[in-house]
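Here are the chains, one letter per residue:
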Amino acid sequence: MASNSSSARSRLARLFRCGSNSKKPSRPEFHPDRPPPGPYPGPELQATDSKHPDSASMPFAAPSHPDSKSPTFAPPSNPPPPTWASSSRPPPQSHPSDDAPPPFAALPDEPDLDIPPPAFLALHYNSPTSNAPEELANAGWEFTDANPLSLPLHLPSHALSILQAGTISLAPPPPRFTGLITSPHPGIAALATAPGCPDTTLLSGLPLYAAGYHHPLNTGVTHRAYFELSVQSMPANSALAIGFSAVPYPPFRLPGWNRGSVGVHGDDGRRYVNDSYGGRDFVQPWREGQVVGLEMTWGVRVGGGVDVEVAFWRDGVREGAWRLDEERDGAEENDPVMGLGGGWDVYAAIGVWGGGVKATVKFEPGPAVAGKKGLGGWMR
C-alpha cells in the first residue's frame with residue numbers, strides 16, 4: 001500500500017522540506033549518532049612507534065683504507081655484461097619511447113565486463129493494490145513535524161526481564177482501530193479486524209531495541225530484534241504489514257510510511273522506509289497460511305559507527321535483506337532513516353487496513369536461529 005497524491009511534484013516538495021520550517025520544542029541535548037550515556041567497553045586504540053627507523057636517515061660508514069694507498073688496476077678490455085645476463089630473468093623489453101605504455105594483455109580470469117549491473121530497485125509513486133488518501137499523507141507529515149522523536153527509555157528491571165524472556169505484549173490499540181486483540185499466552189497476541197477498519201499501526205508494549213541497553217557501541221556486540229506474524233486471513237480488499245518504528249508514530253499510518261519506521265507490506269510485497277509513495281520492489285505478496293518475520297540488526301561498523309540491516313523471513317527462509325544506509329540519498333534535505341540508526345528505541349509495528357484480517361503475533365523466544373521452523377522466534 002502507499003499514499004495517493006494528485007500531484008507527484010507537490011508530494012515530493014512536501015517530502016524534502018518536511019520539518020525544515022517547523023518549530024520544534026526545546027529538548028535535552030541529544031545526538032543521534034552517539035549512543036546513550038554510559039561506559040564504552042573494549043580496549044582503547046593506542047598509537048605505536050615503528051621499531052625500524054627509516055634507512056635513509058642512517059649514516060654510511062667511511063672507506064676502510066686511505067685513498068693514497070689504494071691499489072690501481074688497468075680497466076678491462078671489454079665492457080661489463082648486462083646485469084640480467086647472470087640471472088634467470090629475461091632481458092627487459094624496449095619500447096618505442098618512454099611515454100608509450102606497455103602492450104595490454106588481458107588476464108585469462110578477468111571478469112566479463114559485458115555482464116549487466118544488478119537490477120535497480122525503482123522508487124514507485126503509488127502501490128498497484130491500494131493507496132491511502134492524500135489528506136492522511138499530509139496529516140502524517142504534520143504529525144511528525146509537531147512531535148519530535150522520544151528519547152530512549154530508562155527501563156526498570158522487570159521490563160528488562162520481559163525483554164530477555166520475550167514475553168512482550170502489544171500496546172493498547174489506538175481508538176481508531178476496529179477489531180479484537182487477545183493475548184492467549186505471554187509473548188503471543190491474536191488480532192482480527194472488523195469491516196471498515198481504517199489504516200492503523202499497532203505497536204509492541206516495549207521496545208525490541210532499547211538504545212540505552214542494546215547500543216552496540218556500548219555493549220560491543222550486535223543486537224538482533226525479530227518477531228513474526230502467522231497470517232490466517234488477508235482478504236483482497238485489506239492489508240497487513242510488518243515493521244519496526246521509533247515513537248511517536250502517527251497511528252493512522254501503516255509502518256514504513258513516515259519518519260522513523262520501516263515496513264514490508266503483504267498486499268504488494270514492497271518495502272517502505274519513511275516512504276509515503278509506492279515503496280520499492282522487494283518480495284512476493286504474502287498469502288494466507290504463511291508465517292512472515294522481520295529482523296533488524298544493529299552492529300559495530302568497521303571504521304566506526306553503527307551498521308543496521310533489515311531482513312525479511314517467510315516460512316523459515318530468509319528471503320531478502322538490505323542495509324539501512326541504502327535508503328539514504330545525498331540530495332535529500334532530511335535523513336530518511338532518522339530514528340532507526342541506533343540512537344532511539346525501536347518498537348515492533350503491525351499495520352492493518354480493512355476487515356477480515358486475522359493474524360497471530362509472536363514475540364516469544366524460539367530456536368537459536370530466528371525463523372528456523374514455523375513460528376521460531378526471537379533473536380537476541
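Criteria and cut-off values
Residues numbered from 1 in each chain as written. Predicted model: local features only at pLDDT ≥ 70, side-chain atom pairs only at ≥ 80, totals over all residues. Heavy atoms only, no water. Helix = DSSP H or I, 4+ residues; strand = E, 2+ residues; numbered from the N terminus. Buried < 20%, exposed > 50% of the residue type's maximum accessible area, 1.4 Å probe, protein only. Contact = heavy atoms within 4.5 Å. Areas by Shrake-Rupley, 256 points an atom, 1.4 Å probe, with all protein chains shown as cover. Core = buried A, V, L, I, M, F, W, Y, C linked by side-chain atoms within 4.5 Å. Pairing = 2+ DSSP bridges. Axes fitted to C-alpha atoms, helices over the stretch in contact; angles between N-to-C directions. Salt bridge = Lys/Arg side-chain N within 4 Å of Asp/Glu carboxyl O. pLDDT = per-residue confidence, 0-100.

### Focus: the overall build of the protein
When you go through the protein residue by residue, the secondary structure sums to 5 helices and 14 strands. Relative to its 380 residues, the protein shows a buried fraction of 40%. Summarising the internal contacts of the protein: among those between residues at least 6 apart in sequence, 69% fall at separations of at least 24. Of the accessible surface of the protein, which amounts to about 21,700 Å², a share of 57% is contributed by carbon and sulfur atoms.

### Some thoughts on the nonpolar core
Core analysis: the largest hydrophobic core is formed by 48 residues, its most contacted members being F227, L229, L240, F244, W286 and I350. Aside from chain neighbours lying at most four places away, what touches L240 is L229, V231, M234, H265, G266, W286, I350, G351, V352, V357 and A359.

### Looking at the sheet that holds strand 14 (residues 358–362)
The strand order across the open sheet formed by 7 strands is 3-4-14-6-10-11-12, and the pairing between neighbours is antiparallel. At either end of the open sheet lies a strand with only one pairing partner, and these are strand 3 (179–185) and strand 12 (317–323). Taken pair by pair, the neighbouring strands of this sheet meet at an average axis angle of 20°, ignoring direction. Taken together, the 5 bridges between strand 6 (residues 223–233) and strand 14 define a ladder with antiparallel strand orientation. Bridged to S230 within strand 14 is T360.

### Details of the sheet that holds strand 5 (residues 200–203)
Taken in spatial order, the 5 strands make up an open sheet running 5-13-7-8-9, and their pairing is antiparallel. Bordering the open sheet on either side are strand 5 and strand 9 (271–273), each of which pairs with just one other strand. Across the sheet, the mean angle separating the axes of adjacent strands is 25° when strand polarity is ignored.

### Observations regarding the pairing of strand 8 (residues 261–265)
With 5 of 5 residues buried, strand 8 lies mostly within the body of the structure. With burial as the criterion, each face of strand 8 is covered, one bearing S261, G263 and H265 and the other bearing V262 and V264. Adjacent in sequence and paired antiparallel, strand 8 and strand 9 are bridged by 5 residues, among which G269 carries a positive phi angle near 70°.

### Here's the deal with the pattern of salt bridges
Side chains that differ in sign of charge can pair as their charged atoms come close. Tallied over the full model, the rule gives 9 salt bridges. Between R301 and D307 there is a salt bridge whose closest N-O contact spans 3.2 Å. The exposure class assigned to D307 is partly exposed, which follows from its relative accessible area of 23%. A salt bridge links D325 to R323; the nearest nitrogen and oxygen atoms lie 4.0 Å apart. We classify D325 as partly exposed; its relative accessible area is 29%. One network of salt bridges, in which partners are shared, links R301, D307, R323 and D325.

### Some thoughts on the pairing of strand 14
It is a general feature of regular strands that their side chains alternate between the two faces of the sheet. Burial runs high along strand 14: 4 of the 5 residues are buried. Summarising the sheet, strand 4 (residues 188–193) and strand 14 pair through 5 bridges and their orientation is antiparallel. Note that in strand 14 the partner of A192 across the bridge is K358.

### A look at unusual backbone geometry
The amide bond that connects V247 to the next residue, P248, takes the cis arrangement and shows omega of 0°. Note on placement: P248 falls in the loop between strand 7 (239–245) and strand 8. Not every positive phi belongs to a glycine, and N274 is a case in point at roughly 50°. Mapped onto the fold, N274 is located in the loop between strand 9 and strand 10 (291–300).

### Considerations on the confidence of the model for the protein
Scored by pLDDT, the protein comes out at a mean of 75, with 58% of its residues at no less than 70. Per-element mean pLDDT across the protein ranges from 47 in helix 1 (residues 8–16) up to 98 in strand 5. This stretch, residues 11–27, has a pLDDT under 50; its non-local contacts, to residues over four places away or in other chains, come to 36 contacts. Of the regions scoring below 50 in pLDDT, residues 329–333 engages in 4 contacts with residues more than four places distant in sequence or in other chains.

### Details of the side chain of S245
Along the polypeptide, S245 turns up in strand 7. On the basis of relative accessibility, which here comes to 0%, the residue S245 falls in the buried class. In this structure, S245 is in contact with L203, G260, S261, D345, V346, Y347 and A349, ignoring residues within four places of it in sequence.

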